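Working through the structure, step by step
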Amino acid sequence: MIKKAYLAKNILASNFGRLASPYKITFVLTYRCNLKCKICRIWGKDTQDELDITKIEKLFKGLNNLSWLDLTGGEITLREDLFDVVRVIAKQARKMLVLHISSNGQLPDILFKLAKEIVKLGLVPVINVALDGPREFNDQLKGANGAYENSISAFRKLKELKQVNSFLSCTVSRHNIKHIDDLLVNLRKDLPKFSYSDFHFNIFHNSSHYYANAQTDAFPEVGFEGLKKYFDLGLKGGFIKNLLTRLYIKGLRQYCSGERFPVRCQALNSTCFISPDGSIYPCGLYDRRIGNLKDYNYDLMKLWISKESVEARKEIVNMKCQGCWSPCEAYPAILGRLIKGAHI
């Protein structure tokens, strides 16, 4: 209850100004990946320089305001010390409530054990398992035979855990937009208890520093109405999920019509992005490196208040970045405009 109240306080405070420290962080634990997706080039990046557990402990020790962590990759289940990392983070970030995990689902047993460990640590796990098309098409898009079956197996295992908020996550792109109807039909067969509330959609984005796919042209060319019918499927489930989905869809309409900033972003106002080597960026899309934690003795707060960080925040306020409507940034942006009223 205390952690929930603290998260609510942080969300409220983000409506009125820049927080003293971020309440939501995206931490890319590794660039290593066991797939070779067509819309993402993370798997081709250098994977040598990753923060070890000692440095991770040092980093999270000072994050007293953290309520919400997105732990992602690459594929995080490839980190041999993954369970120790999660335990260390939970121990140091005592006010953290939500631990969001993004996985490609290729190691179902490890992901299942991780989910149980997160519950044991007293956190709220939200786990997305990627699935971008029906069986053969998905495997082709992911560059690996058996990718579809592994994702289904991972999701099926996660649904056994009532305390875990688990979803299948589909990135809509030019490649798969014509295959989503077939995917939904297949899921009805492969998952007898499948509900549309189990599905989460997002749209393709380019990123130089994260996805390394800046030269990839894969945004779906179907317009807002062609996307809306799928995103509307997410209008099921709890109140908060329903609210965020409705507001996200409103912003999606504007984004598809050419407005790059449906809501003022919260990057470097209440959120930030950490790469595997400790480099800090405003988010996963804006290729604006703020600095590296090693130059600040792994004290994120020193970087947060640095001149570079303040200047980058001003750039975002003045819409100097490329703009986006990625859920990772859109959701905190929506929550950061609840009081003032978002123009969406």
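Residue indices follow the written sequence of each chain, beginning from 1 at its first position. The predicted nature of this model means local features are confined to residues of pLDDT at least 70 and side-chain atom pairs, given and counted, to a pLDDT of 80 or more, with totals for whole chains, interfaces and linings taken over all residues. Heavy atoms from the whole structure form the basis of all side-chain values; hydrogens and water molecules are not counted.

Points about the layout of surface pockets
- Of the pockets and cavities examined, the second largest pocket occupies roughly 190 Å³.
- Only protein atoms enter the 1 Å grid used here. Points where a 1.4 Å probe fits but cannot escape make up a cavity, open sets with protein on both sides within 12 Å along at least five of seven lines make up a pocket, and a residue lines them when an atom lies within 4 Å of a point. Lining the second largest pocket we find F155, R156, K159, E160, L191, P192, K193, F194 and D198.
- Residues were grouped as follows: Ala, Val, Leu, Ile, Met, Phe, Trp, Tyr, Cys and Pro as nonpolar; Asp, Glu, Lys and Arg as charged; and all remaining residues, including Gly, as polar. Of the residues assigned to the lining of the second largest pocket, the class counts are four nonpolar, no polar and five charged. Grid points are joined across faces, edges and corners, and a volume is the space filled by probe spheres set on the points.

With respect to the environment of R18
- Under the DSSP-based scheme used, a helix requires at least four consecutive residues in state H or I and a strand at least two consecutive residues in state E, with every element numbered from the N terminus. Following the sequence through the fold, R18 ends up in the loop between α1 (2-14) and β1 (24-28).
- A sequence separation of 146 residues divides R18 from V164, and the C-alpha atoms of the two residues are 31 Å apart.
- Contact between two residues is taken to exist if any of their heavy atoms lie within 4.5 Å; hydrogens are not considered. Beyond its immediate sequence surroundings of up to four residues, R18 is in contact with L268, N269, W304, S309, V310 and R313.
- We define a polar contact as two N or O atoms separated by no more than 3.5 Å, with the added condition that, inside protein, one atom must be a possible hydrogen donor and the other a possible acceptor, whereas residues neighbouring each other in sequence contribute only through side-chain atom pairs. Polar contacts involving the side chain of R18 include one to the side chain of S309, which spans 2.8 Å.

Details of the pattern of salt bridges
- A side-chain nitrogen of Lys or Arg and a carboxyl oxygen of Asp or Glu constitute a salt bridge if their distance falls within 4 Å. All chains considered together, the criterion is met by 20 salt bridges.
- One network of salt bridges, in which partners are shared, links R32, E50, R79, E80 and D81.

Some remarks on the sheet that holds strand β7 (residues 271-274)
- In this scheme, strands are said to pair when DSSP sees at least two bridges between them. Read across the open sheet, the nine strands follow the order β6-β5-β4-β3-β2-β1-β7-β8-β9; overall the sheet is mixed. Each edge of the sheet is formed by a strand with only one pairing partner; in this case those strands are β6 (199-203) and β9 (291-292).
- Both strand β4 (residues 124-130) and strand β5 (residues 165-172) contribute to a ladder of five bridges, which runs parallel. Among the inter-strand pairings, A130 is bridged to a residue of β5, identified as S169.
- Only the contacting stretch of a helix is used when fitting its axis, a line to C-alpha atoms as for every element, and angles between N-to-C directions run 0 to 180 degrees. Packing of helix α6 (residues 147-158) onto the sheet brings it into contact with β4 and β5, and relative to β4 it is tilted by some 160°.

Some points on the packing of aromatic side chains
- Any pair of Phe, Tyr and Trp rings, taking the six-membered ring for Trp, is counted once the centres come within 6.5 Å. Such a pair is stacked with planes under 30 degrees apart, edge-to-face with planes over 60 apart, and tilted for the rest. All chains considered together, the criterion is met by 14 aromatic pairs.
- Aromatic side chains F219 and Y255 sit 6.2 Å apart centroid to centroid with 55° between the ring planes, which places their arrangement in the tilted category. Of this pair, F219 sits in the loop between β6 and α8 (223-231) while Y255 sits in helix α9 (residues 239-256), and the two are 36 residues apart along the sequence.
- When a residue's accessible area, from a 1.4 Å probe over protein chains only, is under 20% of the maximum for its type it is buried; when over 50% it is exposed; and in between it is partly exposed. Look at F219 and you get partly exposed, because its relative accessible area is 26%.
- Between F231 and Y248, the ring centres sit 5.7 Å apart and the planes meet at 25°, which makes this aromatic pair stacked. Here the residue F231 occupies a position in helix α8, and Y248 occupies one in helix α9, the gap between them amounting to 17 residues.
- For F231, a relative accessible area of 5% gives the class buried.
- In this scheme, Lys NZ or Arg CZ marks a charge over a ring once it lies within 6 Å of the ring centre and within 35 degrees of the ring normal. The ring of Y6 carries K9 above its face, with NZ or CZ at 4.7 Å from the centroid.
- Over the ring of Y31 we find K45; its NZ or CZ atom is 3.9 Å from the centre of that ring.

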